[in-house]
Amino acid sequence: MSDDIFDLVQAGDVEAVETLIAKDPGAVRARNAQGLSTIQMAYFSGQHAVVDVLLAAGPELDAFEAAIVGDAGQLAARLDDDPELLSAYSPDGWTLLHLAPWAGQPATTRLLLDRGADLAAVSTNALRNQPLNAAVAGPNAETRTACVRLLLEAGADANNRQERGNTPLHTSAHLGDTDTVEALLAHGADVELRSDDGKSAADYAREGGHEELAAELEAG
């Protein structure tokens, strides 16, 4: 059953997911071989219509799911029950404070910061990055900068480096995210820092097709 629902989730087949859950409500709580839930996989796959269907089934969310979908009420409840979750890692190597801002969820990001989540926690996966690195790479452009600002205002290091030496500014420049670039610069991001392969943020902007932003970064 879990294989069936994960195939449908990945395919974004909303109608089929609805039908399956109607027949087997427990399918919404399935986990894949890595230990990730249907809700996590739907969100990671960008299948937000499927996320809505899964949430409509009314499941009790675990802390990681609540952080990702922005349910501050359920996240607070999970943390009240088990405060150690604040420093726990998901099966794919992220803390709650990586996931909430990556998903563009200001409410759960703010809650985690209020509870004292570690801004310098390093993911245990290949990226080896901190929450700010995850936040600037988030898929939700509409709320990305708001989450980044929350982390910066709480004291996140704008110049921290992830695997291969790139900084949050490198990532934002490559995406052409001028609002986030401005927020990072306002909090001390260094335009002169280079990744392990010798590239500046301007180089990343140019590679992303953002020539005007590249020129602005080079001009300082």
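Structure: see above.
Scope of this entry: the structure provided in the associated data block. (Residues numbered from 1 in each chain as written. Predicted model: local features only at pLDDT ≥ 70, side-chain atom pairs only at ≥ 80, totals over all residues. Heavy atoms only, no water.)

### Some words on the packing of helix α11 (residues 168-175) against helix α12 (residues 178-186)
It is the contact of α11 with α12, at a shortest axis distance of 8 Å, that shows an interaxial angle of 155°. Taken together, α11 and α12 sit at an angle that is classed as roughly antiparallel. α12 is crossed by α11, and the crossing has left-handed handedness. Here α11 contributes P168, L169, S172 and A173 to the contact with α12, which in turn contributes T180, V181, L184 and L185. Tallied by class, the residues present in the contact of α11 with α12 amount to 6 nonpolar, 2 polar and no charged. (Axes fitted to C-alpha atoms, helices over the stretch in contact; angles between N-to-C directions. Helix = DSSP H or I, 4+ residues; strand = E, 2+ residues; numbered from the N terminus. Parallel < 35°, antiparallel > 145°, perpendicular 65-115°, else oblique. Left-handed = near helix turned anticlockwise from the far one by under 90°. Contact = heavy atoms within 4.5 Å. Nonpolar A, V, L, I, M, F, W, Y, C, P; charged D, E, K, R; others polar.)

### Describing the pattern of salt bridges
As enumerated under the stated definition, the model contains 9 salt bridges in all. Note that D203 and R194 form a salt bridge whose closest N and O atoms lie 3.5 Å from each other. According to the relative accessible area criterion, D203 is partly exposed, its value standing at 23%. Here E218 makes a salt bridge to R206, at a shortest N to O gap of 3.1 Å. Within this pair, whereas E218 is found in helix α14 (residues 211-219), its partner R206 is found in helix α13 (residues 201-207), the two being separated by 12 residues in sequence. (Salt bridge = Lys/Arg side-chain N within 4 Å of Asp/Glu carboxyl O. Buried < 20%, exposed > 50% of the residue type's maximum accessible area, 1.4 Å probe, protein only.)

### Concerning the nonpolar core
Core analysis: the biggest nonpolar cluster contains 64 residues, and I5, L54, L75, L96, L112 and L184 have the highest contact counts within it. Element by element, the count of residues in this core is highest for helix α5 (residues 63-69), at 6 residues. Apart from residues lying up to four places away in sequence, L96 is in contact with A63, F64, A67, L75, L79, L85, L86, A88, P101 and L112. (Core = buried A, V, L, I, M, F, W, Y, C linked by side-chain atoms within 4.5 Å.)

### Description of helix α2 (residues 14-23)
One turn of an α-helix holds 3.6 residues; hence residues three or four places apart share an orientation. Of the positions making up α2, those classed as buried are V17, L20 and I21. Down the axis of α2, the buried side of the element spans an arc of 95°, and every buried residue falls inside it. Exposed residues lying more than 90 degrees from the buried face of α2 are E15, A22 and K23. (Arc of directions from axis to C-beta.)

### Some words on the packing of aromatic side chains
The final tally for this structure, using the stated rule, is 2 aromatic pairs. Consider the rings of F44 and W102, whose centres lie 5.6 Å apart with planes at 70°: the pair is edge-to-face. With a gap of 58 residues between them, F44 in helix α3 (residues 38-44) and W102 in helix α7 (residues 96-102) connect regions that are remote in the sequence. On the basis of relative accessible area, F44 is assigned to the partly exposed category, the value being 27%. (Phe/Tyr/Trp six-rings, centres within 6.5 Å; stacked < 30°, edge-to-face > 60°.)

### Observations concerning the side chain of S90
On the secondary structure map, S90 appears in the loop between α6 (72-81) and α7. A distance of 2.5 Å separates the side chain of S90 from the side chain of D92, its partner in a polar contact. Beyond its immediate sequence surroundings of up to four residues, S90 is in contact with F64 and L99. (Polar contact = N/O pair within 3.5 Å; in protein donor to acceptor, adjacent residues only side chain to side chain.)

Remember that the coordinates give geometry; whether it matters functionally is a separate question.
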